[in-house]
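Structural features, examined
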Amino acid sequence: MIVESGQLALVLALLATGYAVVASVMGVARRSPELVMSGRYGFYSTVILLLVATAALVHAFVTNDFSVRYVAENSSLAMPKAYTWVALYAGNAGSMLFLAIIFSAFALVAVGTIRKRLPYTAPYATAIMAMVLLFLLAVMVFLANPLSRLDVVPLDGQGINPLLVHFGMFIHPPVQMTGLIVVAIPFSIAMGALLAGKGGNDEWVDLGRTWGMIAWLILTLGLLLGSWWAYTILGWGGYWAWDPVENSALMPWLAMTAFVHSIMVQKRRGMFRMWNMVIIIIGFTLAQLGMFINRGGPVPSVHSFAQSAMGWIFLGFMAFTLVASIAVFVSKVDTLKSRGRLESMLSRESAFLAQNIAFLAVAFVTLWGTVFPIFSETASDVTITVGQPFFNLVNGPLLLFIVFLMGIGPLLPWRRATIGGLIRALRIPLAAAGVVGLIFMIVGPRQPVATVAFMTCAMVLAGIGHEWVRGTQSRHRKGENYAKAFMMLLSANRPRYGGYVVHISIIMLAAGAIGSSFYSVQRDLVMSPGDTETIGEYTFTYTGTTHQSHPDREEDYAQFEVYSGDTYLGEMEPFRAVYPDFRIASTRGAIHSTPLEDFYIVPSDFSDGGQAVFRVLINPMVWWMWASGPIMILGTLLALAPRREPSPATLRVPAGMRPAGV
Amino acid sequence: MTYRNQNYMKNSKTILTVALAALAILALACTSNTGDDIPEIERKTHSLNKAIMCPVCPGESIDQSQNPLAVSMRSIVAEKLTDGWTGDQIKDFFVERYGPSVLLEPPREGISLAAWVLPPMAVVVAIFAVFIGLRWMRRTTAIPSAVTSENTVLTLDEQESYFRRIEAALDLDDTPDGPSLPS
């Protein structure tokens, strides 16, 4: 009964969403605010309907109702009930429901904010969001209903994929999916403004930027959490492998990073209006490509969690939105004339453009490498793989260039910069880079690439630090104490200083990536109980193994006593679990983590008599990657924090006070 | 130079020194582990393992994978290296058995060459695009429209410089010891 009401709720949600599309569009055409309003309420109602459907599915999971196909395929009697949350999105149909409810909730908030501030844009934007939701609901109702019944009820379910049984799986997949689908919101706002003929009127920019940054932040966290999951559970000591699914999550992130920067140029200078539309279209297209590759696309991957033909339907929808947005863009392109003019080739504006193109270049190269195997196979029947070595070689330099731009861009003033001014501003950053370079030359193992990379990081940090110190001091001289002066500085121009905080977190991320890629030490050791080995400063003794049998898995725990120099670090206990039903082995590394380096042990094979093969790694600076997450959130929130601005309507310029150059 | 300016210079120098010292410590920390104590053969094994894909576990290198096949392939790599095989010989050995897709890096010949050629071309095109884009934006004149009227709505940038000028004007009146201009 409950399952059936859930099914009914899904159908009703489909109808309500369809109505929202039609009523919004017709309402605008007929100039009827009532019709627009009813469309909006139709859209709002989907949140409740989807909640009913989700509740029905959860109920089926909790009561082990294996007559529901999705429940039978994704859970079992043995599954702990806490994993119901994971099982909800572990399969295809369930993940659609998850996407739908998350999107409808976010869209509810978005429509609520646009409605008042962008009255002309709102109906169009609502219609576009409703169309995205309509697609998800149509797929569920007609193709992959999470609540459909089985004819024969099995006694037990098939169980959940054991790789998903990890704390990271409680958050990484939902955050990643949320990030991808939330990209639809800034896209809808931008396209809505364009359709309403308001694309050249910069009123959509603030909300577009806000939602763009929200999507960016969620995507970032999704990527970070995914890397963290890979690092702790996939058990090979790394966190990023340029796997197709990882790439497909990275590409929309790259595009959205470009977007949150270029939108600032429109906000500040009334320029880049066409460009912003182009980028958000690319961003949403790549987000859909991400969902497509993740859903049983054509490229094999560790992460594609549900093999099915559904991916191709996503591809179809992606092609449709791409063609439709290009058509809208072309038909309205004359409303997007720039208000400002680029005054100099050397200015913050031009740095932003260079940054944008660099990000898109990385996205393009990543896309190219990801889909190349398909090309090659169709064109010449040769199956090849494009993997980590390719991406490291090709994307590495581009990413380094982006970090370099991060050091230069913020130092350039808007409008017009001079070479002399730039050199003056770069004095301290370059000095810092020089010092770091010198240290590496004197003491370091001479890794030229890593040295240059760390020098670039130092340059960025010194640039930000220098500006903060200067700003704080100039406020201090006006009588504020240092702490207050610093806080006031940060809150005076939040987009700017929030951006700096995010830049610092990116440098932390980069430092972790550089440190662990260039200075990682890895050994594979065969050890018997009682053996002691030493790597670097770490001395560790393998004391023995304990075995535990569970209904669904066999676990081997290895015990180590670990010392760093003479300091006892404690016992470390990595383990390996074998799931016979799934023919999957899952290992969990034991990690002793400090900001300096991680000491990482993971078992790769156990043989009789307690002898085992262990992989032992020293990964420098990985800690900084995970620490960058909270700082990134803080920076983004600071950049988003609303600021009381004088209302543009009341800000009239007295003749004669108009700044030159307008 | 006024006293304030000297003070500012002194402070920023102190902070700069501290920051540089911190960076130096960080850099030293990174260089503490050189990994020189790893046998050459083991290092070679690892770099080869990272370039060979596990044929039955999509997208994972044999270095990453926990699959039994990957485990045995890892030991084959180590064995052959001890026997004096070169890296290329070992790669060929696996390509013969599993086809070219077993290598994670596409070969630099035939159709796969395209995989390598396009990215640098894309970079050249990108540099060109930035240049053309900037040129184009230099030439395009701004829309004249309402800019000259009295009711201009200012961008943030303009508001800021506008308010800065007002603030500067107020500053001149407010400060008891007069304007703080460099002497």
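A short tour of the structure in this document, coming up. Since we're looking at a predicted model, the values are computed, not measured. (Residues numbered from 1 in each chain as written. Chains lettered and ligands numbered in written order. Predicted model: local features only at pLDDT ≥ 70, side-chain atom pairs only at ≥ 80, totals over all residues.)

Glancing now at the overall build of chain B. Scanning chain B from N- to C-terminus turns up 6 helices and 0 strands. The secondary structure elements of chain B, listed N-terminal to C-terminal, are α-α-α-α-α-α. Within chain B, the fraction of its 183 residues that count as buried is 24%. (Helix = DSSP H or I, 4+ residues; strand = E, 2+ residues; numbered from the N terminus. Buried ≥ 20, exposed ≤ 12 C-beta atoms within 10 Å, placed from the backbone.)

Two elements in contact, helix α13 (residues 348-380) of chain A and helix α5 (residues 113-139) of chain B, have axes separated by 10 Å at closest approach and are oriented at 160°. The angle between α13(A) and α5(B) places the two elements in the roughly antiparallel class. Once α13(A) is placed against α5(B), the crossing between them reads as right-handed. Along its contact with α13(A), which presents A:Ser350, A:Leu353, A:Ala354, A:Ile357, A:Ala358, A:Ala361, A:Phe364, A:Val365, A:Trp368, A:Gly369 and A:Phe372, the element α5(B) presents B:Ala115, B:Leu118, B:Pro119, B:Ala122, B:Val123, B:Ala126, B:Ala129, B:Val130, B:Gly133 and B:Leu134. Of the residues that constitute the contact of α13(A) with α5(B), the class distribution is 18 nonpolar, 3 polar and no charged. (Axes fitted to C-alpha atoms, helices over the stretch in contact; angles between N-to-C directions. Parallel < 35°, antiparallel > 145°, perpendicular 65-115°, else oblique. Left-handed = near helix turned anticlockwise from the far one by under 90°. Contact = placed C-beta atoms within 7 Å. Nonpolar A, V, L, I, M, F, W, Y, C, P; charged D, E, K, R; others polar.)

Note on placement: A:Gly369 falls in helix α13. Not counting residues within four places of it along the chain, the set of residues in contact with A:Gly369 comprises A:Val386, A:Phe390, A:Phe391 and B:Ala115.

Apart from glycine, the bulk of residues carry a negative phi angle, and the bulk of peptide bonds sit in the trans form. Residues and elements named next belong to chain A. For Arg31, which is not glycine, the phi dihedral falls at a positive 55°. Tracing the backbone through its elements, the reader meets Arg31 in the loop between α1 (2-29) and α2 (33-62). Of note, Phe272 is a non-glycine position whose phi angle comes to about 65°, a positive value. Within the secondary structure, Phe272 sits in the loop between α10 (244-269) and α11 (273-294).

Our focus in this paragraph is the nonpolar core. Residues and elements named next belong to chain A. Ranked by size, the top nonpolar core spans 203 residues in total, and within it Ala100, Leu136, Ile185 and Ala255 carry the most contacts. Tallying contributions element by element places helix α9 (residues 204-234) first for this core, with 19 residues. The residue makeup of this core includes at least three contributed by each of domain 1 (1-165) and domain 2 (493-640). Counting 18 residues, the second largest nonpolar core, distinct from the first, contains Tyr542, Ala558, Tyr600 and Ala612. (Core = buried A, V, L, I, M, F, W, Y, C linked by C-beta atoms within 7 Å. Domains from an automatic or database assignment.)

With that settled, consider the packing of helix α5 (residues 92-117) of chain A against helix α8 (residues 184-195) of chain A. Residues and elements named next belong to chain A. Relative to each other, α5 and α8 sit at 35°, their axes nearing to 10 Å. The handedness of the crossing between α5 and α8 is right-handed. Contacts between α5 and α8 pair Phe103, Phe106, Ala107, Ala110 and Ile114 from the former with Ala184, Ile185 and Ile189 from the latter. When the residues that make up the contact of α5 with α8 are grouped by side-chain class, the tally is 8 nonpolar, no polar and no charged.

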